[in-house]
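Observations on the model geometry
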Amino acid sequence: MWSLRDWRRKRILARLAIEPALWQSVLDSLPILEGLTVEETERLRERSLLFLHAKRLTALPGVELDLTSRLRLAAQAELPLLHLADLDWYQGFHEIVIYPDDFHSPQKHRDSAGVMHEWDGEHSGEAWLQGPVILAMPGVQQSGTWEGYNLVIHELVHKLDMLNGDANGLPPLHRNMRIEDWAHAMQNAYDSLNTKLDADPHAHTAIDPYAAENPAEFFAVTSEYFFSAPDVLHEAYPDVYRQLAAFYRQDPLTRLQQL
Ligand SMILES: [Zn+2]
């Protein structure tokens, strides 16, 4: 059936065509894309181009953002969505701002007693509810390996979390998933991480202790590991891995093991 949406897509893609060699260099520069099938990398290429068409990437002074860097960012942004139906998952924001370095940002947090706390923190990224995503270039450049760090995925999955309101660690689940299963897996792992850190704030933890900050950060950090260190996440929190695999409809652990 003819659809306006498909027609628009094809027209945009025809206009944005890039050299196959350029796309290949983007793939080669991102180890976390290794092992994707030809069909998956082709879909990722199309969606990355559409992402760059839909979002404005604003580079602050001091940031060099050439087409390769833009494509690298877009490909990592689209990796989590690769097996999700082509809905507008990254809706509600239009801009990604790239800072040359980590930045200070006034923080606000309302605790359970209703008191607002504010403090200054050094940040490498932020995702504002109904606002832009902010990324610092050093973190962007470090992203893309199998080392359990990916600033791009971390900040963009906050946007998935925010699709149904505040960032609370619960993105809109698919119909074949149960909120109870999700909450159970996430809560158990979150509690166990917090128990460990409460006993010893310097304890060695399997995943970045920043995940213990709140449920939203737990979702973002475990998603980061899901795509960039699935073996570590699966070993530490197998139930969380399974829930994320059901949500993202991907199995990066198997892909990694086959490399
Ligand atoms: Zn975060």
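Residues numbered from 1 in each chain as written. Predicted model: local features only at pLDDT ≥ 70, side-chain atom pairs only at ≥ 80, totals over all residues. Heavy atoms only, no water.

Taking an unreviewed UniProt entry as the reference, the protein is identified by name as Zinc-dependent peptidase belonging to Stutzerimonas zhaodongensis.

**Some points on the overall build of the protein**
Counting secondary structure elements, the protein contains 11 helices and six strands. In summary, the protein has a C-alpha radius of gyration of 18 Å against a globular reference of 18 Å for 259 residues, a match within 12%. C-alpha extents for the protein along the principal axes are approximately 55 × 40 × 35 Å. Across the 259 residues in the protein, those meeting the buried criterion constitute 47%. For the protein, the exposed area adds up to about 13600 Å²; of that, 52% sits on carbon and sulfur atoms. If you average the places of the 22 positive and of the 38 negative side-chain charges in the protein, the two averages end up 12 Å apart. (Helix = DSSP H or I, 4+ residues; strand = E, 2+ residues; numbered from the N terminus. Rg over C-alpha atoms; globule rule 2.2 N^0.38 Å. Buried < 20%, exposed > 50% of the residue type's maximum accessible area, 1.4 Å probe, protein only. Areas by Shrake-Rupley, 256 points an atom, 1.4 Å probe, with all protein chains shown as cover. Lys, Arg positive; Asp, Glu negative; His and termini not counted. Charge placed at Lys NZ, Arg CZ, Asp CG, Glu CD.)

**Focus on the coordination of the zinc ion**
Protein ligation of the zinc ion involves His 154 (NE2), His 158 (NE2), Glu 217 (OE) and Glu 217 (OE), the donor distances falling in the range 2.1 to 2.6 Å. Coordination at the zinc ion comes from four donor atoms whose angles at the metal span 53 to 144 degrees, giving a geometry best classed as irregular. Sequence spacing among the residues donating to the zinc ion works out to H-x3-H-x58-E. Highlighted residues: His 154 in helix H6 (residues 151-161) and Glu 217 in helix H8 (residues 215-228), separated in sequence by 63 residues. Considered together, His 154 and Glu 217 belong to a single accessibility category, that of buried residues. (Donors = N, O, S within 2.8 Å, 3.2 Å for Na, K, Ca; no water. Tetrahedral: all angles 85-135°; square planar, octahedral: opposite > 155°, others 65-115°.)

**Some details on the nonpolar core**
Ranked by internal contacts, the top residues of the largest apolar core, which has 73 residues, are Ile 96, Leu 135, Phe 218, Leu 244, Phe 247 and Tyr 248. A total of seven residues in this core trace back to one element, the largest contributor, which is H8. Those residues within four positions of Leu 244 in sequence are excluded, and the remaining contacts are Trp 182, Met 186, Phe 219, Thr 222, Ser 223, Phe 226, Leu 233 and Arg 249. (Core = buried A, V, L, I, M, F, W, Y, C linked by side-chain atoms within 4.5 Å. Contact = heavy atoms within 4.5 Å.)

**Comments concerning the pairing of strand E1 (residues 56-59)**
As paired strands, E1 and strand E2 (residues 95-99) are joined by four bridges and run parallel to one another. Paired with Arg 56 across the strands is Glu 95, a residue of E2. Tracing the backbone out of E1, into helix H4 (residues 67-78) and back to the parallel element E2 gives a crossover that is left-handed. (Pairing = 2+ DSSP bridges. Right-handed = clockwise from strand over helix to strand, strands pointing away.)

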